[in-house]
Amino acid sequence: MLRYIVRRLIFAVPTLLAVLTLVFLIVRVLPGDPAQAALGDYASEEAVTALRAKMGLDKSLAAQYMDFLVGLVRGDLGSSLITGKSVAEQIFFVLPYTLQLTAASVLVGIIFGVPLGIATALRRNSALDYFGRIFSLAGLSVPAFYLGILLLLVFSVRLNWFPVVGAGTRGDLGSILHHLVLPALTLGLIMTAYVVRMTRSAMLNILSEDYVRTARAKGLGERTVMVRHALRSAMIPIVSIVGIFAISLIGSSVMTEIVFSRPGLGKLMVGAMKQRDYTMLQSIMVIYALLIVFINLFVDLLYGLADPRVRFN
Amino acid sequence: MRKWLMLCALLSIIILAAACAAPADSGSDTASSSDTAAADGETSEGAVLRLGINAADLSSLDPHFASGTQDRTVVSMVFNGLVRYSPGDAPNIEPDLATAIPEPEATDDGKQVWTFELRQGVMCHAGPETEAYELTADDVVYSLQKSANPDRSAFAGEYDGMTVEKVDDYTVSITMDTPLSPVLFLPKIADYAGGFIVCSQAIEAVGDEAFKTHPVGTGPFMFESYTPQDRVVLTANPDYFRGAPKLAGVEGRYMPDISSRELGLRAGELDVIHGLDEAQWVDAISGEEGLAVDVFGVGEVATIYFNIDAEPFDKPEVRKAIAYALNRDAFLALFGPGIADNVYSPVPAQFMDGGLTKDDVDALDLEYAYDPEMARELLAEAGLADGFSFPVVSSEMNAYRKVYEAMQAQLAEVGIDMQVDVVDHSSMHSLIRDDANPVVVYVAFRPNADVYLTRFFHSDSIVVTGAKPDTNFSHYAAIDDLIDSARAETDEAAQIELWKEAQVQILEDMVAYPLMYQNQIYARSDKVDYGHPLNAIMNLNPQITEMTTIGQ
């Protein structure tokens, strides 16, 4: 298994390099000038020219690319073109916020989604099934920022249960979790919708399989049939969708982070994009690519856990 | 089932680990105490004002680099200038770090000397590496020299030809190679842009980069902490030279989304927020109990520039036809009553000397009031009776996109097809400086008539090809003499006449169509009293000073 993991990570290197090169080129092809963006439109021409030189933007593209790669090999992500602060420092500062939100949303998605999916499959065409189906259709259709504002209106402004602004006081676990509830619900409920659908259809497929009939014919209790036989086989597609969704959550949490005024990777990226902060953008992409590689690997390992036939040789 | 439980447990561990990984930066985070203080709704003594800033993060709190409103807002609380715009009442100027505004003296070699006496006992805040210390002439000299250095300031160009010298600890003399009128000189040393005075020992100790996120000045509030993408915390400076602030501090939250800021204000988690420039929004918030909205200047001026080197805009009839085809009042309706108002010259007469009022342009017959018939006639005269089409790019920001789209609809009425391509804000700024648009809409505030005229109409400022390419999108070069002689004129009345003359010329040639200005919108809890009127503010935000209070 260790060899499998190492091999997967080695294969990830060319992927990462391709992502990096693409990002490096794309951000520079776009119109927009980081020096102008940093100094504002009132800045004098002398100052903009001086800053451009300081940012190294007067060097050739090849030279800039080499600087970037050499820095990367040394583990140095460079410093932000705009604030001059270390990029690695800023990314690692916001990364925990993004991971909290992603993990909490996935947790909400599993806790609500899997049981509801199973229940709707078992009680097909019942009121519960219709509720589950309407719920998941609504979840698939609602944009995160809209749901977020709705939750804020009800639970924060009307009921005053949860705070509106920020991600809590650093180091105070209670405050952090209190601030995490609504954003996690926002993304989690949307994820629930996907998980419900996937669980329901996987379960329906499996419930019509011969071995389920056999298990029932053997006289096994319904509970055992469900948990031991049906659910275990349904896990593979569910784990896949959870994995895919976790990846897209990391990327799509931008609007949620903005609505809830939380620091985060997505928000950092949008800010860097607006200001044409090339070094910051490149480095965020490196982190994104790495996260995706890791989550994919994690999901593949989970397959092995769910299905003993999957072996990593 | 056990495996699902394991997965859930694992995810919970990630959440907790991530929650704990956000380090408790001891001593720099006062949020918990201020949260409780404000939640208890206590008296103004000790209250922390919580401000919803319209930005995802700060760019720079070094005042000489602070160019966005989000940065100017914070900087104005931490720093002072030698003189300042009266709070809430620009462009009136009064002494700040200086004891009085001096009369300039002319020297024998044609230069001009301004001698400032400094207040005594003004204390620099304690910095990360420095103790609090008394501000002296050394700091003032250091600071203005920094402003003039393009490597250390975004506003360097404004300080060409200025020499700053220390006379004694409390006296500074500033020599201008070319004499300037007070209207042009005083803004350079006022509490705006390059005029802010930084504490030299503090910045020398930490370096320019670190200073951007830990500013040290002499203002009513001292920088305490900054959490990226989240907040900046300031505390009251008990030794402030105008007296200790009535607030305990200010907490600025970076919240780029208007809905979130609004909800924060409604939920009582914020006291002041940057609002939305729509009359409907203003009405809705004003109608809420306990909330109030302020609409104030200075307004950012939207002007339409024609590139006179690009066909068919090289023909004056075509430019005039477009001017007559546009209906100023229809543009105002985009924002609603009170939020925006018409302007009739590129320099807004409402906010500064040198602009033309409606009466002025009426008298000269240069209003270009809406007249589509006239527009069609002029187009026919130019041989374009069947109309023509041209492409432009617009920023995605409301202030631009709405104007371009309204313009598109109005021009279609006279047969002109303007194709609008919406791009992100930063792209637009680059593209229009590359002559991508034959017709440019630009929204900006500039501190005086000279800056407006120099940067938008002097031949040196022509985009791409000028000696110092800036924002002369019109490629106009016919009023250089007027601009230069106005700048050199030290008699204020004569100077204003020259500025007006320059604008009459611009309108006669119709190289730019002055459209409107847009006011600033801020909402607040009605318990907040800024302690000054809100007429016109250079920083575009209500100033929070030592007089600001939050009542019960």
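Rules and cut-offs
- Residues numbered from 1 in each chain as written.
- Chains lettered and ligands numbered in written order.
- Predicted model: local features only at pLDDT ≥ 70, side-chain atom pairs only at ≥ 80, totals over all residues.
- Heavy atoms only, no water.
- Helix = DSSP H or I, 4+ residues; strand = E, 2+ residues; numbered from the N terminus.
- Buried < 20%, exposed > 50% of the residue type's maximum accessible area, 1.4 Å probe, protein only.
- Contact = heavy atoms within 4.5 Å.
- Areas by Shrake-Rupley, 256 points an atom, 1.4 Å probe, with all protein chains shown as cover.
- Lys, Arg positive; Asp, Glu negative; His and termini not counted.
- Charge placed at Lys NZ, Arg CZ, Asp CG, Glu CD.
- Domains from an automatic or database assignment.
- Buried area = accessible area lost by both parts, 1.4 Å probe.
- Salt bridge = Lys/Arg side-chain N within 4 Å of Asp/Glu carboxyl O.
- Nonpolar A, V, L, I, M, F, W, Y, C, P; charged D, E, K, R; others polar.
- Polar contact = N/O pair within 3.5 Å; in protein donor to acceptor, adjacent residues only side chain to side chain.
- Core = buried A, V, L, I, M, F, W, Y, C linked by side-chain atoms within 4.5 Å.
- Disulfide = S-S within 2.5 Å.
- Pairing = 2+ DSSP bridges.
- Patch = residues over 30% accessible without salt bridge, like charges linked within 9 Å, V, L, I, M, F, W, Y side chains within 5 Å.
- Axes fitted to C-alpha atoms, helices over the stretch in contact; angles between N-to-C directions.
- Phe/Tyr/Trp six-rings, centres within 6.5 Å; stacked < 30°, edge-to-face > 60°.
- Parallel < 35°, antiparallel > 145°, perpendicular 65-115°, else oblique.
- Left-handed = near helix turned anticlockwise from the far one by under 90°.

**A word on the overall build of chain A**
Piece 1. For chain A, the count of helices and strands is 13 helices and zero strands.
Piece 2. The order of helices and strands in chain A, counted from the N terminus, is α-α-α-α-α-α-α-α-α-α-α-α-α.
Piece 3. Reported as C-alpha extents along the three principal axes, the dimensions of chain A are approximately 85 × 55 × 35 Å.
Piece 4. When each of the 313 residues of chain A is scored for burial, the buried share is 52%.
Piece 5. In chain A, once contacts between residues fewer than 6 apart in sequence are set aside, the share between residues at least 24 apart is 72%.
Piece 6. Summing over all exposed atoms, chain A offers an accessible surface of approximately 14300 Å²; the carbon and sulfur share of this is 67%.
Piece 7. Within chain A, one finds 28 positive and 17 negative side-chain charges whose respective centroids are separated by 13 Å.

**Examining the overall build of chain B**
Piece 1. Summing up its helical and strand segments, chain B has 18 helices and 21 strands in all.
Piece 2. With respect to the principal axes defined by its C-alpha atoms, chain B has extents near 85 × 75 × 40 Å.
Piece 3. Every one of the 552 residues in chain B was classed for burial, and the buried ones make up 60%.
Piece 4. Expressed as a percentage of contacts within chain B between residues at least 6 apart in sequence, the contacts between residues at least 24 apart total 68%.

**Comments concerning the domain arrangement of chain B**
All names here are of chain B.
Piece 1. The domain architecture assigned to chain B consists of domain 1 (32-271 + 527-550) and domain 2 (297-519).
Piece 2. Tallying the contact residues gives 14 residues for domain 1 and 17 residues for domain 2.
Piece 3. Taken together, the two surfaces of domain 1 and domain 2 that pack against each other cover about 1300 Å², and 63% of this comes from carbon and sulfur.
Piece 4. A per-residue breakdown of the area domain 1 buries against domain 2 is headed by V183, L184 and L540, which together make up 34% of the total.
Piece 5. Across the contact surface, domain 1 and domain 2 share zero salt bridges.
Piece 6. Split into classes, the residues belonging to the side of domain 1 that touches domain 2 amount to eleven nonpolar, two polar and one charged.

**Here's the deal with the interface of chain B and chain A**
Piece 1. Every contact between the two is made by 77 residues of chain B and, on the other side, 72 residues of chain A.
Piece 2. In this assembly, chain B packs against chain A so that about 6100 Å² is buried in total across both faces, 63% of it on carbon and sulfur atoms.
Piece 3. Here chain B is connected to chain A by four salt bridges.
Piece 4. The salt bridge partner of K54 of chain A is E209 of chain B, with a shortest N-O separation of 3.5 Å.
Piece 5. On the surface where chain B and chain A come into contact, there are 20 residue pairs in polar contact (both at pLDDT 80 or more).
Piece 6. Contributions of two or more residues to the side of chain B that touches chain A are made by α1 (2-21), α2 (31-39), β10 (221-227), β12 (249-254), α8 (258-266), α15 (425-432), β18 (439-444) and α16 (449-457) of chain B.
Piece 7. Counting residues per element, the side of chain B that touches chain A draws most heavily on α1 of chain B, at 14 residues.
Piece 8. For the side of chain B that touches chain A, the per-class residue count stands at 39 nonpolar, 17 polar and 21 charged.

**Details of unusual backbone geometry**
Residues and elements named next belong to chain B.
Piece 1. V298 follows G297 through a cis peptide bond whose omega is 5°.
Piece 2. Here V298 shows up in strand β14 (residues 291-306).
Piece 3. For the bond from E311 to P312, the omega torsion is -5°, close enough to zero to count as cis.
Piece 4. Tracing the backbone through its elements, the reader meets P312 in the loop between β14 and α10 (316-325).

**Comments concerning the nonpolar core**
Piece 1. In terms of nonpolar packing, the biggest core is built from 267 residues, with L82, I174, F185 and F457 of chain B touching the most fellow members.
Piece 2. Ranked by residues supplied to this core, first place goes to helix α5 (residues 87-122) of chain A with 15 residues.

**Regarding the state of the cysteines**
All names here are of chain B.
Piece 1. Per the stated rule, a full pass over the model turns up one disulfide over all chains.
Piece 2. Note that C124 is cross-linked by a disulfide to C199, the S-S spacing being 2.1 Å. The sign of the S-S torsion, about -95°, decides the handedness of the disulfide formed by C124 and C199: left-handed. Note that C124 is positioned in strand β6 (residues 123-124) and C199 in the loop between α5 (182-185) and α6 (200-206), a separation of 75 residues in sequence. An identical accessibility class is assigned to C124 and C199; each is buried.

**Considering the pairing of β12 of chain B**
Residues and elements named next belong to chain B.
Piece 1. Counting buried residues in β12 gives six out of six residues, a clear majority hidden from the surface.
Piece 2. Alternating residues of β12 divide into G249, E251 and R253 and V250, G252 and Y254, and every residue in both groups is buried.
Piece 3. Alignment of strand β1 (residues 48-53) against β12, held across six bridges, turns out to be parallel. Of the residues in β12, the one forming a bridge with V48 is G249.
Piece 4. Inspection of the sheet shows strand β11 (residues 231-236) paired to β12 by five bridges, in the antiparallel sense. From the neighbouring strand, V232 faces β12, where its bridge partner is G252.

**Here we look at a nonpolar patch on the surface**
Residues and elements named next belong to chain A.
Piece 1. On the surface, a cluster of nonpolar side chains totalling about 370 Å² of accessible area is made up of F145, Y146, L150 and M255.
Piece 2. Looking at the nonpolar patch, the element that brings in the most residues is helix α7 (residues 144-158), giving three residues.
Piece 3. With respect to the helices, strands and loops of the structure, M255 is situated in helix α11 (residues 254-259).
Piece 4. According to the relative accessible area criterion, M255 is partly exposed, its value standing at 34%.

**Brief notes about the domain arrangement of chain A**
Residue and element names in this part refer to chain A.
Piece 1. Assigned domains within chain A: domain 1 (2-73) and domain 2 (89-306).
Piece 2. Look at where the C-alpha atoms of domain 1 and domain 2 centre, and you get two points 32 Å apart.
Piece 3. With 21 residues of domain 1 at the contact, the number on the domain 2 side is 16 residues.
Piece 4. Between domain 1 and domain 2, the buried area comes to about 1700 Å², and carbon and sulfur atoms account for 75% of it.

**Things to note about the sheet that holds strand β8 (residues 162-168) of chain B**
Residue and element names in this part refer to chain B.
Piece 1. Strand order in this open sheet of four strands is β4-β5-β9-β8, and the pairing throughout is antiparallel. Of all the strands in the sheet, just β4 (105-106) and β8 have a single pairing partner and so form its edges.
Piece 2. The strands that helix α4 (residues 137-148) touches are β8 and β9 (171-176); relative to β8, the one it contacts most, it runs at about 170°.

**Quick notes on the packing of aromatic side chains**
All names here are of chain B.
Piece 1. Applying the stated rule across the entire model yields 26 aromatic pairs over all chains.
Piece 2. Taking the centre distance of 4.2 Å and the plane angle of 10° together, the rings of W114 and F185 count as stacked. On the criterion of sequence distance, the pair formed by W114 in strand β5 (residues 112-117) and F185 in helix α5 is long-range, its members being 71 residues apart.
Piece 3. Relative accessible area serves as the criterion here: at 0%, W114 is assigned to the buried category.
Piece 4. Each ring, one from Y240 and one from F241, has its centre 4.7 Å from the other, and the planes form 40°; the classification is tilted. Of the two residues examined, Y240 and F241, each falls in the buried class.

**Quick word on the pairing of β10 of chain B**
Where a strand is regular, its side chains alternate between the two sheet faces.
Piece 1. β10 of chain B sits mainly inside the fold: five of its seven residues count as buried.
Piece 2. Counting the residues that bridge the hairpin from β10 of chain B to β11 of chain B gives three residues, and of these Q229 of chain B lies at a positive phi of roughly 65°.

**Some thoughts on the side chain of T471 of chain B**
Residue and element names in this part refer to chain B.
Piece 1. Along the chain, the position of T471 falls in the loop between α16 and α17 (480-488).
Piece 2. A polar contact is formed between the side chain of T471 and the side chain of D470, at a distance of 3.4 Å.
Piece 3. Leave out the neighbours within four places in its chain, and T471 touches R433, Y442, R455, F456, S461 and V463.

**Some thoughts on the pattern of salt bridges**
All names here are of chain B.
Piece 1. By the definition in use, this model includes 33 salt bridges over all chains.
Piece 2. With its nearest N and O atoms 2.8 Å apart, the salt bridge here joins D208 to R152. A residue pair is termed long-range when its members are at least 10 positions apart, and D208 in helix α7 (residues 208-211) and R152 in the loop between α4 and β8 qualify at 56 residues.
Piece 3. Residue D208 is classed as partly exposed on the basis of its relative accessible area, which comes to 26%.

**A look at the packing of helix α12 (residues 265-275) of chain A against helix α13 (residues 278-306) of chain A**
Residue and element names in this part refer to chain A.
Piece 1. With their axes 9 Å apart at the nearest point, α12 and α13 run at an angle of 150° to one another. One finds that α12 runs roughly antiparallel with respect to α13. The interaxial crossing formed by α12 with α13 has left-handed handedness. Residues L265, G266, L268, M269, A272 and M273 of α12 form the contact with α13, whose participating residues are M280, L281, I284, M285, I287, Y288 and L291.
Piece 2. A class-by-class count of the residues in the contact of α12 with α13 yields twelve nonpolar, one polar and no charged.

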